[in-house]
Amino acid sequence: MADITLDADKVEELKAVCVKFNHDGGELINVLHAAQIIFGYLPAEVQVIVAEGLNVSIAHVYGVVTFYSFFTMTPKGEHPISICMGTACYVRGAEKVLDEFNKLLGTKTGETTPDGKFSVSSLRCVGACGLAPVVTVGEKVYGRVAAADVKGILAEYGA
Amino acid sequence: MANYKNHVLVCSGTGCRASQGEEIVLNLEAEIEKNGLGEEVQVVRTGCFGFCEKGPVVKMIPDNTFYVQVTPEDASDLVSEHLVKGRQVERLLFTDPETKEKVADSKKMGFYKKQIRLALRNCGFINPENIHEYIARDGYAALGKAFTMKPEEVIQEIIDSGLRGRGGGGFPTGLKWDITRKVQAEQKYVVCNADEGDPGAFMDRSILEGDPHSVLESMAINGYCTGATKGLIYIRAEYPLAINRLKIAIEQARELGLLGTDILGSGFDFDVEIRYGAGAFVCGEETSLIHSMEGHRGEPTVKPPFPSESGYKGMPTNVNNVETYANIPVILLEGAKYFASIGTEKSKGTKVFALAGKVNNVGLIEVPMGITLREVIFDIGGGIKDGKKFKSVQTGGPSGGCLTEKHLDIPIDYDNLLASGSMMGSGGMIVMDEDDCMVSVAKFYLDFTVEESCGKCAPCRIGNKRLYEMLDKISEGKATEADLGRLRNLANVIKDTSLCGLGQTSPNPVLSTMDNFRDEYLAHVKDKKCPAGQCKSLLQYVIDAEPCIGCTACVRVCPVDAISGEKKQPHTINQETCIKCGACMDKCKFKAISIQ
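These lines cover the structure that appears in this document, whether it is placed above or below. (Residues numbered from 1 in each chain as written. Chains lettered and ligands numbered in written order. Predicted model: local features only at pLDDT ≥ 70, side-chain atom pairs only at ≥ 80, totals over all residues. Heavy atoms only, no water.)

Scanning chain B from N- to C-terminus turns up 24 helices and 19 strands. Relative to the compact-globule value of 25 Å for 596 residues, chain B shows a C-alpha radius of gyration of 27 Å, a close match. The principal-axis extent of the C-alpha atoms belonging to chain B is close to 90 × 65 × 40 Å. In chain B, which comprises 596 residues, the proportion classed as buried is 59%. Residue pairs at least 24 apart in sequence account for 69% of intrachain contacts in chain B once pairs closer than 6 positions are excluded. Counting only carbon and sulfur atoms, one obtains 49% of the accessible surface of chain B, whose full area is about 23600 Å². Each charge sign in chain B was given a centre, from 69 positive and 80 negative side chains, and these centres are 4 Å apart. (Helix = DSSP H or I, 4+ residues; strand = E, 2+ residues; numbered from the N terminus. Rg over C-alpha atoms; globule rule 2.2 N^0.38 Å. Buried < 20%, exposed > 50% of the residue type's maximum accessible area, 1.4 Å probe, protein only. Contact = heavy atoms within 4.5 Å. Areas by Shrake-Rupley, 256 points an atom, 1.4 Å probe, with all protein chains shown as cover. Lys, Arg positive; Asp, Glu negative; His and termini not counted. Charge placed at Lys NZ, Arg CZ, Asp CG, Glu CD.)

As structure tokens, then:
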């Protein structure tokens, strides 16, 4: 694994979070949420800082990070695309939409494009089943998406 | 406080927000200002109305006009016509699909007629970010009433109401509270399980977004009854809007002394904190949830001990689901008798269902227990989309089963659903039509279970993976009839031997589809055909020589050069090379390509 250098300000910010949570190992998940907001993802280097800050083993932190799907160890694209694969979206054709994104971007689900612009992932139900199938790009939600709409959505982000 | 003549309620649930709900609010406010009505009309962002299919929804108070599929551009008409001139904007009214008449009153719509809204009583009615609106609807009165009673009396009322856990298991809520109350401990906890993980279920999110105080109030009542002074809400991180509204609600409740020390002068202390989930379905299981709150991997442990005896940090912990809590104030204020008058013998009250899939009216509904699936799907749901034929309804999410035509007239309650091979679960209800392949559906759920299995016990970790592979073999057309027997055996073993609820129920979608759609499984293994035309490996794309004019459009679009033929002559597809991507069929303007 290539070592990466973390931004010193962000490291300080994360350390402050550990202080705010009283170095309490029971707050690990809350701290990891904060860390992911600060760094965008949770590389090994960040996990080391969290482990030290909360007085728990690195293995414990790693175990928790890999257990929960919300935490990621790879950086997401500038525009993270998530296709809802909840049941309601699935029966209304979400799989075809997912395939179309992967086809147009040349990615596999869970990957980021080489230029770092887009990442494609599937997620389980955003709870907007009335709009199925649902796609989110960053914070924006697209409802009733058909495979034919995918090209247009990507174009909005300069693909 | 300003005395407004009119209120414009705009749905600000996640679904309607995604359809520009916020822009509608801003445009309405601007138009109201422009027309000089700022003093008389108030725009209110409410929780979910439930009728997500026709969202965004805007409702006018006091005349109750219900506008559907509103866009931000409609704001000017709504203000200048409805508010200024007092004329309904006809084009934005709901059209009854049968009579084709416009309906302005939601009570007269098929979608709402059979609903009884107890848990959702305030959703779509009040501004969830304003505690005074909750109080005006008798909010926190149930807590006040509880303080005038002994904890045992409050619990007895809940036992008498017959309320059972709405998160899936259906354990009697009052009994659970009583167990926690009886355990002696220095510190007890009240937990709200808002880790709504069933794909296709969104009632907990809607309640938290639309009426967060009802949950806070009930948690405090639980604390008073059980002796707990700390409440924890475990909520999915994927629900930012619900989290935000909860935070606001907690702040406001603290400011008014409805949370904190010596609540309402009762001497009782209680406060609530939020804990975040991180995307693990198994954390809906209460022991997993507790481990997750403690900062660990969300793996379940064997019960007993039950959390009511030894839960969070080893202390007695009462865990209830969001919808369960939302029912408590109704029981205390209206009485156990009223609540128990609704429903069936063993399932009292109402249940919220998230109706989704191939049904005309997708949305959130609350119906009395004992209603039939037929009433839900056809009367409330408005029947199947695009005039297709009903095939199956899946209840209970990945733990539930697929029911069919013959189950449509069974009264819905915990026990009947279980006896039919499905379960209540948290209330997801996905409707499927003739185009859905039941083997694929079972495979879809297994794929979910395999991904969400925490890996602690072997039957769930390994068994479900093998189940998935067997289903895959069936959908590839490589399985034999003997495989069906093996599939059933393995499914039963996983059910019997898994550690927690996830593994104990994960084979349900497989078993129920095998029982109810045996012919379809047989078609896959014996005839190597997928009757619904979904399993790619069992399909063939074929060109019909008659409509084909030999335009070569399909040849150009085929990624594997599987199509050949002279120009202006009918083409053919080489089945050996075809990868069944369907690109040719999408491209053909002459409808010459079909799936067989």
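With that out of the way, let us pick up helix α3 (residues 75-85) of chain B. Buried within α3 of chain B we find Ala75, Leu78, Val79, Glu81, His82 and Leu83 of chain B. Where α3 of chain B ends, the next residue or the one after it, Gly86 of chain B, has phi of about 75°, a positive value.

Ranked by internal contacts, the top residues of the largest apolar core, which has 142 residues, are Phe101 of chain A together with Ile221 and Ile235 of chain B. Not counting residues up to four positions away in its chain, the partners in contact with Phe101 of chain A are Ile81, Ile83, Thr107, Val120, Val135, Val150, Ile153 and Leu154 of chain A. Val11, Leu42 and Val64 of chain A together with Tyr234 of chain B belong to the second largest nonpolar core, which has 45 residues in total. (Core = buried A, V, L, I, M, F, W, Y, C linked by side-chain atoms within 4.5 Å.)

Another aspect to go through is the interface of chain A and chain B. Taken together, the 33 residues of chain A in the interface contact 50 residues of chain B. A buried area of about 3200 Å², summed over both sides, lies between chain A and chain B, and 57% of it is on carbon and sulfur atoms. Applying the counting criterion to the chain A and chain B interface returns three salt bridges. Residue Glu27 of chain A is joined to Arg275 of chain B by a salt bridge in which the shortest nitrogen-to-oxygen separation is 3.4 Å. (Buried area = accessible area lost by both parts, 1.4 Å probe. Salt bridge = Lys/Arg side-chain N within 4 Å of Asp/Glu carboxyl O.)

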